[in-house]
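For reference, the chains in residue letters:
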Amino acid sequence: MRKIYAFDFDGTVTNCDSLIAIIRYVSGNTRLVVWILARLHLLLLMKAGLYSNNKLKQQLCRHIFAGMTEDELRSRAETFARDNAHIIRPEAMATIKSALAEGSTVCIISASPSIWVRPFFRSCPGIEFLCTEMEAVNGMITGKFIGSNCYGQEKVNRLLSRHPDRDKYELLAYGDSRGDRELLAFADYSHYKPFRS
């Protein structure tokens, strides 16, 4: 039976939240702090499960990225990945490369948009990226998402959309947060908060 390895990105493969890291890289801390202060009540409601993670994340992405060209964001994402290679956990990358070497399928299933996740894996051809996707209209980033934020049950949905014959593969999942709970429960072998010494 073939194997599929499914990795969450933020906090699992990385040692930080890449959304916050790339916002600081692209626009500095001031715009982020202003946005957080203006929406502190919504952040608290989200933590309590009373406000949508998806809505709040799109608001943040519109605030920071709307108006950038897709080419500009892609270029900034490339330099962000190059300058921040240290956020990748070495054991996570070693596991990914080992899985690829054995001929298994490797998926990065992330709520972070693929536009800045992909560049971290230039040395790992063949990885599938099942991530949140940012909308661009006429080459301009809108800050909206195409489809749903890849979080919670949506991670399982994305996996099944790409690999529907669940009885024909063994699933190994790696995650570290509430957003990975459904994927970890769906797996044959789940690894919660791996790669931490």
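Just so it is clear, the model here is predicted, and its values are computed rather than measured.

## Focus on the packing of helix H1 (residues 18-27) against helix H2 (residues 29-38)
Put simply, H1 and H2 touch, their axes get as near as 7 Å, and they point 125° apart. One way to sum up the angle between H1 and H2 is to call them oblique. Touching Ile20, Ile23, Arg24 and Ser27 of H1 are Asn29, Arg31 and Leu32, all from H2. Per-class residue counts for the contact of H1 with H2 are three nonpolar, two polar and two charged.

## Examining unusual backbone geometry
Unlike most non-glycine residues, Asn138 shows phi in positive territory, near 55°. Residue placement: Asn138 occurs in the loop between strand S3 (128-137) and strand S4 (140-146). Taking relative accessible area as the criterion, Asn138 reaches 78% and is therefore assigned exposed.

## A look at the sheet that holds strand S5 (residues 169-175)
Sheet architecture is open: six strands sit in the order S4-S3-S2-S1-S5-S6, paired in mixed fashion. Lying at the two open borders of the sheet, with one neighbouring strand each, are S4 and strand S6 (189-192). The sheet shows a mean angle of 25° between the axes of neighbouring strands, taken without regard to direction. The sheet contact formed by S3 and S4 spans four bridges and is antiparallel. Each bridged residue has a counterpart across the sheet, and for Val137 the counterpart in S4 is Met140. This element, helix H6 (residues 90-101), spans strand S1 (2-7), strand S2 (105-113) and S5 of the sheet and lies at about 140° to S2. Those strands touched by helix H8 (residues 153-162) are S1, S2, S3 and S5, and its axis lies near 105° from that of S3.

Reading the values: the criteria
Starting afresh in each chain, residues are numbered from 1 along the sequence in its written order. With the structure being a predicted model, the display of local features is reserved for residues of pLDDT at least 70 and the display and counting of side-chain atom pairs for 80 or more, all residues being used for whole-chain, interface and lining totals. Excluding hydrogens and water, the side-chain values take into account all heavy atoms of the structure. In this description, a line fitted to the C-alpha atoms serves as the axis of each element, helices being fitted only across the stretch in contact, and the angle between N-to-C directions of two axes falls anywhere from 0 to 180 degrees. In this text, helices come from DSSP runs of H or I with a minimum length of four residues, and strands from runs of E with a minimum of two, each type numbered from the N-terminal end. Under this scheme an angle from 65 to 115 degrees is roughly perpendicular, one under 35 degrees roughly parallel, and one over 145 degrees roughly antiparallel; angles in between are oblique. A contact between two residues is defined here by any heavy atoms of the two lying within 4.5 Å. All residues other than Ala, Val, Leu, Ile, Met, Phe, Trp, Tyr, Cys, Pro, Asp, Glu, Lys and Arg, Gly among them, are scored as polar; the first ten of these are nonpolar and the last four charged. Here the term buried applies to any residue with accessible area under 20% of the maximum for its type, exposed to any over 50%, and partly exposed to those in between, with areas from a 1.4 Å probe on protein chains only. Paired strands, in this sense, are two strands between which DSSP finds at least two bridges.

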